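A closer look at the structure
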Amino acid sequence: MKKSEWSDRELEELLMQMPKIKDHRNPRDIYQTLSLKRRKTKTWLLPGLATAAALFLFFILVPKLMDGANSSSDKKAEMTSFNTEIKDAAQKKNSTFALDKGDSSSKENAISGTPKNEVMSTSTIKTAIYSDDVGNGKVLTYWIPDPQGQILIPVSTVIAKSDKESWLTLFNENMANLKEEEWGLTDFYPLNGTMSMNSDNTTIQVDVPLNHQYGQGSTNETSFINVINKDISSNSDIKKVKFSTNGEPGIELGNFGNKQELDINVAKKHGFFFYLPTGSDVPFLAPSTTTYSDINKALDAMKTDQTELGLTGSLSPLLPISNVSITDKTLVLSFKGNTNLQDNQMTVFAFEALLLTAKDFGLEKVVVKDSPIMQLGPFDLTKENQVPVAPNLRLIQ
């Protein structure tokens, strides 16, 4: 701003030359008038300023609040979708595996069939059933043909045990709950017929209807006989089966002719391989179709594939295996020299195949020496490990 060129003295003289102004009002009236104006100014100004400030804040904050609300809504929808996906994944995974090490809630879920809502641990898991997993439940094993009818896959489950019901009653009640096609196997159960215990409790009667399908082709015939044999031998000590058709003795099975009876054959000494159904990342642990004279020959066979049967060698993650011996129903072996042994899911599967093979040879424990790792998923390799009760746990209830 330009500085004034007037001096103070000149300003005083200029003001003195201006005409005088007189106000004849009483000073009190002047004061009251000024006070009233001041009050009116305040009364009008404050609400106006408040309104202006409110409008100003409104226009500034509303877009942000709307963006925030939209963002919150989007995030809520996103989290709902995410939680749904996680829950579905957890339920799917739980229905496939179920038991994690030391997870009591998983053990309860295996018996009740109720899936967990929480996301399962990403750590490696066991897929067979072990003695600590059974609790007060009852283990049932069903043998299911693969889609080509070449091999039988054992699938086991744990159900609530009833003192009033026999194993056969429980077996019959639960076979309709099997999810064979979902698991990548043949839709075989429930059986087209009935299974009942004879009065002497030493023989099972299998009765089929006149229109049964089990005599239609050699694959159906063989699968039917083998399934009956495996189902009974895996779940009981029964040694004989009698067949009937619509209440009449015998069953027509083409290549077998009119079959009246079946002596249950408890076949052991198999090696366990991987069987991977189409579209699945989780292999079943399946026994070989042949038996071996000793466990060393079984372990050697398990190193390679049996492609003609769709079986894959199961021991690759554990190799080399050396110094195999048996002491007091315990398999003792060494992983010495295996510098690639890793604590991952495929190695756990391989170790379970080893445990199941040991069980099939009548052994109860496995001891590992000279292992480059001390812990393999749920298995402590510094201690002896019990063989499983049954392979391939799946929930059906």
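Procedures and definitions
Residues numbered from 1 in each chain as written. Predicted model: local features only at pLDDT ≥ 70, side-chain atom pairs only at ≥ 80, totals over all residues. Heavy atoms only, no water. Helix = DSSP H or I, 4+ residues; strand = E, 2+ residues; numbered from the N terminus. Buried < 20%, exposed > 50% of the residue type's maximum accessible area, 1.4 Å probe, protein only. Contact = heavy atoms within 4.5 Å. Areas by Shrake-Rupley, 256 points an atom, 1.4 Å probe, with all protein chains shown as cover. Polar contact = N/O pair within 3.5 Å; in protein donor to acceptor, adjacent residues only side chain to side chain. Core = buried A, V, L, I, M, F, W, Y, C linked by side-chain atoms within 4.5 Å. Expected span 1.5 Å × (residues − 1). Pairing = 2+ DSSP bridges. pLDDT = per-residue confidence, 0-100. Phe/Tyr/Trp six-rings, centres within 6.5 Å; stacked < 30°, edge-to-face > 60°. Lys NZ or Arg CZ within 6 Å of the ring centre and 35° of its normal.

**Things to note about the overall build of the protein chain**
In terms of helices and strands, the protein chain carries 8 helices and 17 strands. Looking at the protein chain as a whole, 40% of its 397 residues are labelled buried. Across the protein chain, the fraction of contacts at a sequence separation of at least 24, relative to all contacts at a separation of at least 6, is 65%. Of the accessible surface of the protein chain, which amounts to about 23,000 Å², a share of 53% is contributed by carbon and sulfur atoms.

**Side note on the side chain of N235**
Position of N235 among the secondary structure elements: in helix 6 (residues 218–235). The buried category is assigned to N235, whose relative accessible area is 11%. A polar contact is formed between the side chain of N235 and the backbone oxygen of T141, at a distance of 2.8 Å. Here N235 is in contact with V139, L140, T141, W167 and F171, once residues within four sequence places are set aside.

**Here we look at the nonpolar core**
Ranked by size, the top nonpolar core spans 81 residues in total, and within it Y189, M195, V206, F224, I228, F351 and L354 carry the most contacts. Residues in contact with M195, not counting those within four places in the same chain, are L168, F171, N172, I204, Q205, V206, I228 and I232. Listed in part, the 6 residues of the second largest apolar core include I129, V134, A390 and L393.

**Looking at helix 6**
Here helix 6 contains 18 residues, and its C-alpha end-to-end distance of 26 Å stays within 8% of the 26 Å for a straight helix at 1.5 Å per residue. Among the residues of helix 6, those classed as buried are E221, S223, F224, I225, V227, I228, N229, K230, D231, I232, S233 and N235.

**Focus: the pairing of strand 2 (residues 152–160)**
Taken across its 9 residues, strand 2 has 8 buried, putting it largely inside the fold. When strand 1 (residues 137–145) meets strand 2, the two strands line up antiparallel, connected through 9 bridges. Considered in strand 2, the bridge of I144 is made with I153. Between the antiparallel neighbours strand 1 and strand 2 lie 6 residues, among them G149 with a positive phi of about 70 degrees.

**Section: the pairing of strand 3 (residues 194–197)**
The pairing of strand 3 with strand 4 (residues 203–208) spans 4 bridges and is antiparallel. By the bridge assignment, M195 is partnered in strand 4 with V206. Counting the residues between successive antiparallel strands, the hairpin from strand 3 to strand 4 contains 5 residues, one of them, N201, with a positive phi of roughly 60 degrees.

**Overview of the confidence of the model for the protein chain**
Scored by pLDDT, the protein chain has a mean of 80; 69% of the residues are at 70 or more. In this model, residues 30–46 is a region of pLDDT below 50 whose contacts with residues beyond four sequence positions or in other chains number 3 contacts.

**Digging into the packing of aromatic side chains**
Under the definition given, this model contains 10 aromatic pairs. Look at F188 and Y214: their rings are 6.2 Å apart centre to centre, the planes differ by 45 degrees, and that puts the pair in the tilted class. Pair noted here: F188 is in the loop between helix 5 (167–174) and strand 3 and Y214 is in the loop between strand 4 and helix 6, with a separation of 26 residues, a long-range link. Taken together, a centroid distance of 4.1 Å and an interplanar angle of 20 degrees make the contact between Y214 and F224 stacked. Residue Y214 is found in the loop between strand 4 and helix 6, and its partner F224 is found in helix 6; the two are separated by 10 residues along the sequence. In terms of burial, Y214 and F224 fall into one category: buried. A cation sits over an aromatic face here: K126 above Y130, 4.9 Å from the ring centre. Sitting over the face of the ring of W143, K230 holds its NZ or CZ atom 4.7 Å from the ring centroid.

**Remarks on the environment of I396**
Considering the arrangement of structural elements, one finds I396 in the segment after strand 17 (385–386). For I396, a relative accessible area of 6% gives the class buried. For the pair formed by I396 and K179, sequence separation is 217 residues and the distance between their alpha carbons is 7.3 Å. Those residues in contact with I396 that lie beyond four places of it in its chain are T157, N174, N177, L178 and W183.

**A closer look at the environment of E248**
Relative to the assigned elements, E248 resides in strand 6 (residues 248–249). For the pair E248 and V208, spaced 40 residues apart in sequence, the C-alpha to C-alpha distance is 9.6 Å.

**A closer look at the sheet that holds strand 14 (residues 365–369)**
Hydrogen bonding along the main chain pairs the strands of a sheet, whether they run parallel or antiparallel. What the 4 strands build is an open sheet, ordered 12-13-14-17; its pairing is mixed. Edge positions in the open sheet fall to strand 12 (322–327) and strand 17, since each of these has one partner strand only. In this structure, strand 14 lies alongside strand 17, joined through 2 bridges in antiparallel fashion. What sits directly across from K365, in strand 17, is Q386.

**Comments concerning unusual backbone geometry**
Between Y189 and P190 the backbone carries a cis peptide bond, its omega angle lying at -5 degrees. Mapped onto the elements of the fold, P190 is located in the loop between helix 5 and strand 3. Here the bond from L319 into P320 is cis, since omega is 0 degrees, no more than 30 degrees from zero. Summarising the element assignment, P320 is placed in the loop between helix 7 (295–301) and strand 12. Phi at N201 is positive, roughly 60 degrees, even though this residue is not glycine. In this fold, N201 is placed in the loop between strand 3 and strand 4. A positive phi angle, near 50 degrees, is found at D328, a position not held by glycine.

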